[in-house]
Amino acid sequence: MRDAKKRLRRTMMFLNAQKPGLIKDPYIYGADSLMLDLEDAVAENQKDAARFSLFHALRTIGYHGAERIVRINGLDTPFWKEDIRCAVAGGCDGIRIPKTETAQDVKIVEQQILKAENEFGRPENSTLIMAAIESARGVVKALEICEASKRLFGIALSGGDYTKDLHTHITGTGIELMGARQQLVIAARAAGVQCFDTVYTDLENEEGFREDVNTIHLMGFDGKSIINPRQIRIVHEIFTPKEKEIIFAEKVVREIDSKKAQGIGVFTVDGKMIDIAFYDGAKRIIELAKASGVYEGEL
């Protein structure tokens, strides 16, 4: 489970699970994860039809390595238990819980997933969990949510509902999201899970989208939820280490390994003072570069 929890997730593309035309071959666009949506994208009188479409897609379509996450309906609806049964029976990789506000929400979903795994002969613990944070309470409880289950691989901010809860709105500047964004990243890092940013809905504003992605990358997010294949290229470009970063990271790792053996704790690399505290960051850049397919070095 550990490797699956830590896999590369720069982009998570939302798709309406009810529409076969959308979910039959979305892997061609190259998103790292696919979010097959049973919640907001599907009208209440179409939930059964969406599950039927989802189940057969999961069972019959080869998604060529793209992760398949299913967003279930909220725990305050009559739909979520059957959503989990359908998704687990189909063999999804994970379940996204909407409107998560407490650790108990995660535990309740975990129990239903385990029940479904046993019912449909899936290996226990093979279905991961992610939690969407959509309210002020969810932000405040983020660390508890992150630590609620060993299945949980990450949390994600849902900006639309969150800003409504704050009595504000999406401005495009990111100011209204800044507090939640930083708090979620801090909670995720403290718990050792991943953290994903909310969607950017102005599809015609490529410059604004690029600026938004640059901001969350600098804040420490692992990736971004997206709603259109056109957004994939920019996210992957920003979240994939550049050649200059990779070369420097290689130097740092090699120098620290060498100097440590000599009992030297502080030294310079390309004119910059380096010590052991830089090691994990350099290793992470190399691992991310490997996962992104841009590094074939020896480290």
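Since we're looking at a predicted model, the values are computed, not measured.

Asks: Report on the sheet that holds strand β3 (residues 67–71), specifying residues and quantitative values.
Replies: On the basis of which strands lie adjacent, the closed barrel formed by eight strands has the order β1-β2-β3-β4-β5-β6-β7-β8 and parallel pairing. In this sheet, adjacent strand axes meet at a mean angle of 25° when their direction is disregarded. Where strand β4 (residues 94–97) and strand β5 (residues 128–133) come together, four bridges link them in parallel fashion. By the bridge assignment for β5, I95 is matched with I129. Sitting on the sheet, helix α10 (residues 206–219) is in contact with β7 (194–197) and β8 (223–226), with an inclination near 145° to β8.

Asks: Tell me about the packing of aromatic side chains, residues and numbers included.
Replies: All told, the structure shown has three aromatic pairs when counted by the stated rule. Measuring from ring centre to ring centre gives 6.2 Å for F153 and F196, while their planes differ by 75°; the resulting arrangement is edge-to-face. One end of the pair, F153, is in strand β6 (residues 152–157); the other, F196, is in strand β7, with 43 residues separating them in the sequence. Judged by its relative accessible area of 1%, F196 is buried. The aromatic ring of F153 is capped on one face by R9, whose charged end is 3.8 Å from the ring centroid.

Asks: Could you give an account of the pattern of salt bridges, naming the residues involved and the relevant values?
Replies: Scanning the entire structure with this criterion turns up 29 salt bridges. Each of D37, E39, D40, R71, K99 and D161 takes part in salt bridges that share partners, so that together they form one network.

About the cut-offs
- Residues numbered from 1 in each chain as written.
- Predicted model: local features only at pLDDT ≥ 70, side-chain atom pairs only at ≥ 80, totals over all residues.
- Heavy atoms only, no water.
- Pairing = 2+ DSSP bridges.
- Helix = DSSP H or I, 4+ residues; strand = E, 2+ residues; numbered from the N terminus.
- Axes fitted to C-alpha atoms, helices over the stretch in contact; angles between N-to-C directions.
- Contact = heavy atoms within 4.5 Å.
- Phe/Tyr/Trp six-rings, centres within 6.5 Å; stacked < 30°, edge-to-face > 60°.
- Buried < 20%, exposed > 50% of the residue type's maximum accessible area, 1.4 Å probe, protein only.
- Lys NZ or Arg CZ within 6 Å of the ring centre and 35° of its normal.
- Salt bridge = Lys/Arg side-chain N within 4 Å of Asp/Glu carboxyl O.

Everything listed is a geometric property; what it means functionally is a separate question.
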